[in-house]
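Here is how the chains run, residue by residue.
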There are 2 protein chains.
Amino acid sequence: MQFKLTPEYLDSLKKAVSVRNDAYIVDLLKELHPSDIAEIFNELDSEEAKFVYVHLEEEEAGKVLVEMDEDVRERFLASLTSKEIAEQFIDNMESDDAADVIAELPHDVQGEVLSHIEDADQASDIVDLMKYDENTAGSLMAKELVKVNVNKNMLECVRQLRNHADHIQDIFAIYVVDDNDKLVGLVTLKKVLTRPLRTPIRDIFTQEIISVRTGTDVEEAARVMEKYDLVVLPVVDVTGKLVGRITIDDVVDVIRKEETEDLQKMAGMEVLEEPYMSIPFWQLIKKRSGWLIILFIGESFTATAMGFFQDQIAKAVVLALFVPLIISSGGNTGSQASTLIIRALALGEVTIKEWWKIVKKEMLVGLMLGIILGSIGFLRVALWSAFVDIYGQHWIMVGATVGISLIGVVLWGNLSGSILPIILKRAGLDPAVSSAPFVATLVDVTGLVIYFTVATLMLRGILL
Amino acid sequence: MQFKLTPEYLDSLKKAVSVRNDAYIVDLLKELHPSDIAEIFNELDSEEAKFVYVHLEEEEAGKVLVEMDEDVRERFLASLTSKEIAEQFIDNMESDDAADVIAELPHDVQGEVLSHIEDADQASDIVDLMKYDENTAGSLMAKELVKVNVNKNMLECVRQLRNHADHIQDIFAIYVVDDNDKLVGLVTLKKVLTRPLRTPIRDIFTQEIISVRTGTDVEEAARVMEKYDLVVLPVVDVTGKLVGRITIDDVVDVIRKEETEDLQKMAGMEVLEEPYMSIPFWQLIKKRSGWLIILFIGESFTATAMGFFQDQIAKAVVLALFVPLIISSGGNTGSQASTLIIRALALGEVTIKEWWKIVKKEMLVGLMLGIILGSIGFLRVALWSAFVDIYGQHWIMVGATVGISLIGVVLWGNLSGSILPIILKRAGLDPAVSSAPFVATLVDVTGLVIYFTVATLMLRGILL
């Protein structure tokens, strides 16, 4: 029932292509969903792909193209003429997909392809869509929609539906507009099916309608669709005129992309534009090394900080042994806190106005976690000292120093981790940048200072 | 156009409730979407909520209930009788939502509510849905759907649509079944609108139909809907019989939940079941401290590892200064690698079969990143030595030790970070557990051994 691309399957397909077995290919394609065909295309070279695509049905070719991996599509389209691209793919695509595909083409090819599109309206729709900024609702919307004037009746509604049925993949609603094309409501398909044809639209249309502006951020549009459980969302211009609609499948892609970007930022790297396997070596190095270098420079202040306490370390080498344990505990707690707050901010569970509530909560949580880890730290020193004489006669004071430092470092790490995303968001930056590695670096440097200060105070006259 | 819950708005509403201003409440509710009303309910106490809900239209009450926060809903329902819950909410809800709400109730209340449901079919649907395991497609589906026998014609199709129009929020497709109720295809609404009523279903229905089994994992169902850009997905039982359908809004929730869980696991904590603000203090401590303690115990091996090199540290205190810098570089690189691989595995960009390709790639990437950070590390030592005599006369050898150790530690960190998710996935565990903190802890301990071994080899006879 569901398609699975196995190596054996791909082998037999490639063989059929190499011997030019048309009948086999046609049979095969007939059974498959465009998404599955796209999966196959991802594994073919441009020559093979060219042989397969001519056997696709016109309506399917565009859908397959949209579902292909970006780099595969790029290579494939480079092997076709502008005329072929326009007539065999773009002509049968919805305007939003068409605009996306054309935007990926080299600049000089874009104009050529547009000039070969048969339907002048579609061409101008595409040109219009390409104007919108990449991160706005305008760039995500399709122009194809069914609308009806509020002064007409249901018969007109059905007429409009029939007129557009060929151009629109899925019709979920009929929008109602006034004489100025301003969006005023919608008619559900359910009503079209159940009400008499002479019913005036005015009497039965739903006036409460959720819409976004062309300039609305795509992530905001995604949140609106999620909140109101919408499958399709109308888009209006600044004057309220209906200009397009966004469908849920595009929004799901936005959500996935957004989550991946957040994850990558939170792991301390730049956002990768391509899937892991297809990203070139040097680009991967570039995306990863930038933040690594910044973190390295930040972290190198630990060497400076420890430099100030060289004498103490020389006198009590035992202090050095606990450095990684203490600073990493602060870092781990800070990572947890920053992840929690970044996510809560992203999902709208908290707002930056509630910063004081968050700080209060996280101070208590940090203190408690510090006490837990501090106690374990003290026990660790005590336990070892019972068996080996590694921490000397003053093991109780060493253990207490470790324990108290842990409380301070964990509390501080937790506080930094929770407050940093809020500060970044307040400053208009992306909170996800206050990643775990970033917080850890900050806490490492300050944690060392806390640790050695506690040690200096507690061990003076004993070990120091 | 879009609703925004301001403190002022909430104040005036609460005031209207306290003076029992019915007219105000009715006016207010008429204008709002159920999702917005739910947002208001989240801010009311049970007494206030009770006063507001009686003014809701019957059809809306159920929708509002579903959109409320889980803990608010729990408290609110606890203030109602079983009869009120059944008649005023459940009776107007779709079966999947109804089953979810009832499943949250205390066990003894569940039976009572079910016995008060008027429609016996709905009650048995709900009981049936409650049987499915929480993470399966069965638990996510609704029973309400429109189906038509393959031997009928379009007139029957329209008749079925009209019959069900009242019970189903949105109708996206009409499913076609054979005489045994087995799913064999679908008829799009577009066809219903554009084809003559006497057309036999058999002649025009779409036979290629994607479906999942009741036992399919919800995340797998989500992936299927994403891949095929579906708005609704039919669910069949083991015999292929059509039993329900999943809608995209439920799947979007699954995706969000899944991403949040992954993020929390990757930050080294247990998955929180509730939003950040509503999770109780001790539960938060419990969820966070578990992994922190495990990481702490793992990290405490750094103290053991450094214990072995106490003599070297005593002789050359300068070695201790670079410990945090070197181990954190390994940890940061490892975090990046594990995040990349965990995400690529989750999105299906790579499979564990490709482990050797990943290892080869990450060895080269790790080596390159190591060379970059190692060079900066050497330069750091050289630069400081030009101004202050902190690293002594042998600063070149100290710098070389730091540089070479960095190459080793970064390479090793990168390799651990990329291979650990693969090993976990191979063992049937969730790769997200190989979180950044987990990788960092592993790399900290081993990184110390690499560093001090390099130092012992390079500085013997010079500083050691």
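Residues numbered from 1 in each chain as written. Chains lettered and ligands numbered in written order. Predicted model: local features only at pLDDT ≥ 70, side-chain atom pairs only at ≥ 80, totals over all residues. Heavy atoms only, no water.

Attention now goes to the packing of helix α21 (residues 323–346) of chain B against helix α23 (residues 395–426) of chain B. All names here are of chain B. Packing of α21 against α23 brings their axes to within 7 Å, and their N-to-C directions diverge by 30°. Compared by their axis directions, α21 and α23 come out roughly parallel. As α21 packs across α23, the resulting crossing turns out to be right-handed. Contacts between α21 and α23 involve I326, S329, G330, T333, G334, A337, S338, I341, I342 and L345 on the former and, on the latter, V402, S405, L406, V409, V410, G413, N414, G417, S418, P421, I422 and K425. Residues belonging to the contact of α21 with α23 are distributed by class as follows: eleven nonpolar, ten polar and one charged. (Axes fitted to C-alpha atoms, helices over the stretch in contact; angles between N-to-C directions. Helix = DSSP H or I, 4+ residues; strand = E, 2+ residues; numbered from the N terminus. Parallel < 35°, antiparallel > 145°, perpendicular 65-115°, else oblique. Left-handed = near helix turned anticlockwise from the far one by under 90°. Contact = heavy atoms within 4.5 Å. Nonpolar A, V, L, I, M, F, W, Y, C, P; charged D, E, K, R; others polar.)

Turning our attention to the sheet that holds strand β6 (residues 242–247) of chain B. Residues and elements named next belong to chain B. Across the sheet, which stays open at both edges, the three strands sit in the order β4-β5-β6 with mixed pairing between neighbours. Looking along the sheet, the strands with just one partner apiece sit at the ends: β4 (212–213) and β6. Bridge analysis of β4 against strand β5 (residues 232–236) gives two bridges, and the strand direction is parallel. Across the sheet, residue R213 finds its bridge partner in β5, namely V236. Across the sheet, helix α15 (residues 218–227) lies against β4, β5 and β6, angled at about 135° from β5, the strand it touches most. (Pairing = 2+ DSSP bridges.)

Overlaying chain B with chain A gives an RMSD of 0.2 Å, the required rotation being 180° about an axis along which the chain moves by 0.0 Å. On this basis, the relationship between the two copies can be described by a two-fold rotation axis. Of all interface residues in chain B, 100% are interface residues in chain A too; the two copies therefore contact each other through one and the same surface. (Least-squares fit on C-alpha atoms with pLDDT ≥ 70 in both.)

Let us look at the packing of helix α21 (residues 323–346) of chain A against helix α24 (residues 436–459) of chain A. Residues and elements named next belong to chain A. Closest axis-to-axis distance for the α21/α24 pair is 8 Å, and the angle between their directions is 140°. When the interaxial angle is binned, α21 and α24 end up oblique. When you trace α21 past α24, the crossing you get is right-handed. Residue-level contacts link V323, I326, I327, G330, G331, G334, S335 and S338 of α21 to A436, V439, A440, V443, D444, G447, L448, Y451 and F452 of α24. Residue composition of the contact of α21 with α24, by class: ten nonpolar, six polar and one charged.

Residues and elements named next belong to chain B. Of all five residues in strand β2 (residues 173–177), five are buried; the element is thus mostly enclosed. Where burial is concerned, the two faces of β2 agree: the one with A173, Y175 and V177 and the one with I174 and V176 are both buried. Strand direction decides the pairing type here: β2 and strand β3 (residues 183–188), joined by five bridges, are antiparallel. When the bridges of β3 are listed, A173 appears paired with T188. (Buried < 20%, exposed > 50% of the residue type's maximum accessible area, 1.4 Å probe, protein only.)

The next subject is the interface of chain B and chain A. By a widely used convention, the size of an interface equals the accessible area lost when the partners come together. Taken together, the contacts link 117 residues of chain B with 117 residues of chain A. With both sides pooled, the region where chain B packs onto chain A buries about 10800 Å², and carbon together with sulfur makes up 67% of that total. Considering only the side of chain B, the residues that lose the most area to chain A are R256(B), Y276(B) and F296(B), jointly responsible for 8% of the buried surface there. Note that R288(B) is salt-bridged to E362(A), the shortest N-O span being 3.0 Å. At the surface where chain B touches chain A, the tally comes to 38 residue pairs in polar contact (both at pLDDT 80 or more). In terms of residue count, α21(B) provides more of the side of chain B that touches chain A than any other element does, 16 residues in total. By residue class, the composition of the side of chain B that touches chain A is 66 nonpolar, 25 polar and 26 charged. (Buried area = accessible area lost by both parts, 1.4 Å probe. Salt bridge = Lys/Arg side-chain N within 4 Å of Asp/Glu carboxyl O. Polar contact = N/O pair within 3.5 Å; in protein donor to acceptor, adjacent residues only side chain to side chain.)

Moving on, we get to helix α8 (residues 95–104) of chain B. Residue and element names in this part refer to chain B. The element α8 is extensively covered by neighbouring structure, given that seven of its ten residues are classed as buried. All of the buried residues in α8 are S95, D96, D97, A98, A99, V101 and I102. The elements touched by buried residues of α8 are α5 (58–67), α6 (70–78), α9 (107–116), α10 (120–129), α11 (137–140) and α16 (248–266).

Tallying each qualifying case throughout the model produces 18 aromatic pairs over all chains. Centroid distance Y53(B) to F76(B): 5.4 Å. Interplanar angle 80°. Geometry classified as edge-to-face. With Y53(B) in helix α4 (residues 46–53) and F76(B) in helix α6, the pair connects residues that are 23 residues apart, well separated along the chain. Judged on exposure class, the residue Y53(B) and its partner F76(B) are both buried. Put simply, the rings of F41(A), Y53(A), F76(A) and F89(A) touch in pairs and so form one group of aromatic residues. Lying across the ring of F51(A), R20(A) places its NZ or CZ 4.5 Å from the centre. Just above the ring of W384(B) sits the side chain of R380(B); from NZ or CZ to the centre is 3.7 Å. (Phe/Tyr/Trp six-rings, centres within 6.5 Å; stacked < 30°, edge-to-face > 60°. Lys NZ or Arg CZ within 6 Å of the ring centre and 35° of its normal.)

So, on to unusual backbone geometry. Glycine aside, residues mostly have negative phi, and peptide bonds are mostly found in the trans state. Look at D181(B): it is not a glycine, yet its phi comes out positive at around 70°. Within the fold, D181(B) resides in the loop between β2 and β3.

Below, the discussion takes up the confidence of the model for chain A. Residue and element names in this part refer to chain A. Confidence in the prediction for chain A averages 88 pLDDT; 98% of positions are at 70 or higher. Averaged over each element, pLDDT in chain A is lowest for helix α13 (residues 189–194) (79) and highest for strand β4 (residues 212–213) (95). Predicted complex metrics record ipTM = 0.76 and pTM = 0.77. (pLDDT = per-residue confidence, 0-100.)

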